[in-house]
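# Structural overview
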Amino acid sequence: MHHATPLISTIVVGLVLAFILAAIGNRFRISPLVGYLLAGVLIGPFTPGFVADQRLANDLAEIGVILLMFGVGLHFTLDDLLSVRAVAVPGAVVQIASATLLGMGLAYLLGWSLVAGLVFGLALSVASTVVLLRAMQERRLIETERGRIAVGWLVVEDLVVILALVMIPAMAGALQGSETTGISALAVPLLITFGKVGAFVALMLIVGKRLIPLLLHYVAHSGSRELFRLAVLAIALGVALGASTLFEVSFALGAFFAGMILSESELSQRAAQETLPLRDAFAVLFFVSVGMLFDPLILWREPFAVLATVLIIVFGKSVAAYFIVRLFGYPKSHALTISASLAQI
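Residues numbered from 1 in each chain as written. Predicted model: local features only at pLDDT ≥ 70, side-chain atom pairs only at ≥ 80, totals over all residues. Heavy atoms only, no water.

## What to know about the overall build of the chain
A count of helical and extended segments in the chain gives 15 helices and zero strands. Computed over C-alpha atoms, the radius of gyration of the chain comes to 21 Å, within 12% of the 20 Å expected from 2.2 N^0.38 for 345 residues, which places it in the range of a compact globule. Overall size of the chain, expressed as C-alpha extent along the three principal axes, is 65 × 50 × 45 Å. In the chain, which comprises 345 residues, the share counted as buried stands at 45%. (Helix = DSSP H or I, 4+ residues; strand = E, 2+ residues; numbered from the N terminus. Rg over C-alpha atoms; globule rule 2.2 N^0.38 Å. Buried < 20%, exposed > 50% of the residue type's maximum accessible area, 1.4 Å probe, protein only.)

## Some thoughts on the environment of I63
One can find I63 in helix α3 (residues 54–73). On the basis of relative accessible area, I63 is assigned to the partly exposed category, the value being 28%. Sequence separation between I63 and A240 is 177 residues; the distance between their C-alpha atoms is 9.5 Å. With sequence-adjacent residues up to four places away left out, I63 is seen in contact with L237 and F282. (Contact = heavy atoms within 4.5 Å.)

## Details of the packing of aromatic side chains
With the rule as written, the count across this model stands at seven aromatic pairs. Judged by centre distance (5.8 Å) and plane angle (50 degrees), the ring pair of F200 and F247 falls under tilted. One end of the pair, F200, is in helix α9 (residues 183–220); the other, F247, is in helix α10 (residues 225–247), with 47 residues separating them in the sequence. For the pair F200 and F247, one class covers both residues: buried. Ring geometry for F286 against F287: centres 5.1 Å apart, planes inclined by 80 degrees, an arrangement best described as edge-to-face. Accessibility expressed as a relative area gives 3% for F287, which makes it buried. Here the aromatic residues F200, F247, F256 and F257 are joined through ring pairs into a cluster of three or more. (Phe/Tyr/Trp six-rings, centres within 6.5 Å; stacked < 30°, edge-to-face > 60°.)

## Observations concerning the packing of α10 against helix α11 (residues 251–262)
Packing of α10 against α11 leaves a shortest axis separation of 8 Å and a crossing angle of 130 degrees. Classified by the interaxial angle, the pair formed by α10 and α11 is oblique. As α10 packs across α11, the resulting crossing turns out to be right-handed. Of the residues in α11, those in contact with A236, V239, A240, L241, A243 and S244 of α10 are F251, G254, A255 and A258. Looking at the contact of α10 with α11 residue by residue, the class counts come to eight nonpolar, two polar and no charged. (Axes fitted to C-alpha atoms, helices over the stretch in contact; angles between N-to-C directions. Parallel < 35°, antiparallel > 145°, perpendicular 65-115°, else oblique. Left-handed = near helix turned anticlockwise from the far one by under 90°. Nonpolar A, V, L, I, M, F, W, Y, C, P; charged D, E, K, R; others polar.)

## A word on a nonpolar patch on the surface
Side chains of I8, V12, V16, F19, I20, I24, F28, I30, V34 and L38 sit close together on the surface and give an oily, nonpolar patch of about 940 Å² of accessible area. Those elements giving two or more residues to the nonpolar patch turn out to be α1 (6–27) and α2 (32–42). Element by element, the count of residues in the nonpolar patch is highest for α1, at six residues. (Patch = residues over 30% accessible without salt bridge, like charges linked within 9 Å, V, L, I, M, F, W, Y side chains within 5 Å. Areas by Shrake-Rupley, 256 points an atom, 1.4 Å probe, with all protein chains shown as cover. Salt bridge = Lys/Arg side-chain N within 4 Å of Asp/Glu carboxyl O.)

## What to know about the pattern of salt bridges
Close approach of charged atoms allows side chains of opposite charge to pair. Scanning all chains against the criterion turns up five salt bridges. A salt bridge links R225 to E274, with the shortest nitrogen-to-oxygen separation between them at 3.0 Å. Of this pair, R225 sits in helix α10 while E274 sits in helix α12 (residues 268–291), and the two are 49 residues apart along the sequence. Here R229 ties to E274 by a salt bridge, and the two come within 3.1 Å at their closest N and O atoms. Highlighted residues: R229 in helix α10 and E274 in helix α12, separated in sequence by 45 residues. According to the relative accessible area criterion, R229 is partly exposed, its value standing at 30%. Residue E274 is classed as buried on the basis of its relative accessible area of 10%. Three or more residues joined by partner-sharing salt bridges are found here, namely R225, R229 and E274.

The structure is reproduced here in structure tokens:
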């Protein structure tokens, strides 16, 4: 029966299992995120029993990312983001470089190609914005200086990922000795990407900064709470989709900028409250979808490779981030918080 309604089945089974396992985890003072991930493992393709539609789960997860990043943007202003650029920009770049090199070293030991090692290292170097935000929200650190540095750091990482996705095909051709690969093969896509990202940011700062608050104020004066909630969702989802389709910017980054633009409006707190239930529900589906990617048998087939990967993520990235933050003169509490925040992918 569930095959006739894959969307409903995926949502219902995912949420019910996530609730049950999170409630059990909460009983033993374990983070609910663990329960959400285990729910995904149980309904994933690598375990027996019910198998959810992974494509639908990923799409639902994207909605959760959009709403969560939009909500975080509502608590940030452009000045907040710029205030931490001195540490966030060089810190993120150096940390990505160090983690990528560690990943490439492990790939070399595993006998992988140079291109595979580069992709693997880049994958390990970037932390998950959603995981960071959930952890920060649980500890009410989002609006602290530590929270602003961590979020700014992740925004820089998102931008680096956009550039990396453009560079990898050209770099792969160069590393494999392709005759058609030259400087122009790398420079032209990069210039186009810089242009698209710059056009998106300019559009949001020039047009969006005036149009989005104006639209929300107009809807608020209508007196309809339902219409206001719908307007907030339309702005968050619409800007995210437009950023991805027209400018090839990630959904998450597009939604974050939409929320940040709206944060300067007096209606930002109301907008955050109206989207909170949906944000929480779809964020759960994000973690469920991540759990669906996990094959438990990999722990049996490649235990040492998995252990080495975990060590790079948990310790290699953390140590690099800690020393970078301390190098910029921040106290140990800031360095420890940020390094712990980045000990995931």
